[in-house]
Amino acid sequence: MTQTNISMSDACNRATPYAANTFITLVKDGEIYTGSAQASCPSDLRAVYSTVVIKNSDDTTTCSGNSYDGCSQKLSFKSTYQACATSLVFSGSGDFYCLHSETIGDVTYTIVWNNDTTVSGTTYRSTCLATQTSGSVLYATEYPEFCRYSNQTGSSVMSPGIKYTMSSQSQTCVINKTGGQSGFYYFLIVLGILLVAGAVFLGVVLYMKYKNKIRMMELDVYTKESKSRPTTSKEEDQSKKTSDLTPKLPPIFPNKPLIQSNETENPETPEPEPKPANVERIYPEDEGQATAENHCH
């Protein structure tokens, strides 16, 4: 199905510098119905509203009693406005696919694809939606073909654009992909930090083990060389000096207290002979008394 709403001059001869909220989306023929060109609808359009009022650009024509469903399909939405005048609708079926969206400030601009079998007159194959939420109310404007004018907002649009006021929200179905992706990125960052820290710690441990092994090998070689090397005269003198500096303890003799004296003992002086012990003779009791009597006389 080939439907052309945008001419080559529209796509290639735009005045510069380009306004941030003006853009054109080109789609390869046939890619819409294979699903290759479809994109997720922005969060503003991911809800269900039971009260939708449609007006023209100057608010002179109004159509109420409409509804909007942006949750039944992830890549599309449906508006029920068949009872409205043809000047207030750009699609006969009200079925649209989302192709591309950009958010400038608090306004989101979305190029949508009209899923009508054929388009003619006041219906267009693609349109530009500008949406802006205020609490649970969605304000939107729609302009034919592409996002052409920088002054299009959620509540203001040039003719022949139309305005939507959607309220009585009964359901939301926003899919927050950014949060999930951020969480995944944070997980990868933390995992990377832990891996780097673990690698550094392992490297330090291995380095310390290597250094200790080298030291033990050097010590072992030094010990072997010391044992196999003959002692030099210098080393002998050093050993003798060390031995001379070692304090000497006095000789230990039996039956003598271990008290060091400055006096030099003379081995030739004989030891004094022990004095005989006085032994008192014990007499029998009678003999003692007689002796006492004799002493009295």
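Given the structure is predicted, the values throughout are model-derived calculations rather than measurements. (Residues numbered from 1 in each chain as written. Predicted model: local features only at pLDDT ≥ 70, side-chain atom pairs only at ≥ 80, totals over all residues. Heavy atoms only, no water.)

Looking at the packing of aromatic side chains
Tallied over the entire structure, the rule returns five aromatic pairs. Both rings, one in Phe77 and one in Phe96, keep their centres 5.4 Å apart while their planes meet at 20°; by these two values the pair is stacked. Highlighted residues: Phe77 in strand S3 (residues 76-80) and Phe96 in strand S4 (residues 95-104), separated in sequence by 19 residues. With a relative accessible area of 6%, Phe77 lands in the buried category. (Phe/Tyr/Trp six-rings, centres within 6.5 Å; stacked < 30°, edge-to-face > 60°. Helix = DSSP H or I, 4+ residues; strand = E, 2+ residues; numbered from the N terminus. Buried < 20%, exposed > 50% of the residue type's maximum accessible area, 1.4 Å probe, protein only.)

Considering the pairing of strand S7 (residues 137-144)
In terms of residue burial, S7 counts as a mostly covered element, since six of its eight residues are buried. Here strand S6 (residues 126-134) runs beside S7; their pairing, made up of eight bridges, is antiparallel. Looking across to S7, one finds that Gln132 is bridged to Tyr139. Two successive antiparallel strands, S6 and S7, enclose a turn made up of two residues, where Gly135 displays a positive phi of approximately 70°. Direction of pairing for S7 relative to strand S8 (residues 162-172): antiparallel, over a ladder of five bridges. Bridging across to S8, Thr141 finds its partner in Lys163. (Pairing = 2+ DSSP bridges.)

Some thoughts on empty space enclosed by the protein
On inspection of all chains with the given rule, the structure shows one cavity of 30 Å³ or more. One number sums up the size of the largest cavity: a volume of about 80 Å³. Taken together, Leu45, Tyr68, Phe77, Ser79, Tyr81, Phe96, Leu129, Thr131, Ala140, Glu142, Tyr164 and Met166 make up the lining of the largest cavity. Residue classes in the lining of the largest cavity are distributed as nine nonpolar, two polar and one charged. (1 Å grid on protein atoms, 1.4 Å probe; cavity = no way out; pocket = protein on both sides within 12 Å on 5 of 7 lines; lining within 4 Å. Points joined across faces, edges and corners; volume = space filled by probe spheres on them. Nonpolar A, V, L, I, M, F, W, Y, C, P; charged D, E, K, R; others polar.)

A closer look at the environment of Gly92
The residue Gly92 is located in the loop between S3 and S4 in this model. In this structure, the C-alpha to C-alpha distance between Gly92 and Asn115, residues 23 residues apart in sequence, is 9.0 Å.

Considerations on the pattern of salt bridges
Under the counting rule described, the total for this entry stands at three salt bridges. Its salt-bridge partner being Asp95, residue Lys78 comes within 3.1 Å of it at the nearest N-O pair. Here the residue Lys78 occupies a position in strand S3, and Asp95 occupies one in strand S4, the gap between them amounting to 17 residues. With a relative accessible area of 35%, Lys78 lands in the partly exposed category. (Salt bridge = Lys/Arg side-chain N within 4 Å of Asp/Glu carboxyl O.)

Here's the deal with the environment of Thr141
Here Thr141 is to be found in strand S7. For Thr141 and Thr165, which are 24 residues apart along the polypeptide, the C-alpha to C-alpha distance reads 8.9 Å. Apart from the residues lying within four places of it in its own chain, the contact partners of Thr141 are Cys128, Leu129, Ala130, Gln152, Thr153, Gly154, Ser155, Ser156, Val157, Ile162 and Lys163. Polar contacts involving the side chain of Thr141 include one to the main-chain carbonyl oxygen of Thr153, which spans 2.6 Å. (Contact = heavy atoms within 4.5 Å. Polar contact = N/O pair within 3.5 Å; in protein donor to acceptor, adjacent residues only side chain to side chain.)

With respect to the sheet that holds S3
Two pairing modes exist for strands in a sheet, parallel and antiparallel, and in both the strands are linked by backbone hydrogen bonds. Overall, antiparallel pairing links the eight strands, which are arranged S1-S2-S3-S4-S5-S6-S7-S8 in a closed barrel. With direction set aside, neighbouring strand axes in the sheet form an average angle of 35°. Summarising the sheet, strand S1 (residues 47-56) and S8 pair through nine bridges and their orientation is antiparallel. For Val53, the partnering residue across the bridge sits in S8 and is Thr165. (Axes fitted to C-alpha atoms, helices over the stretch in contact; angles between N-to-C directions.)

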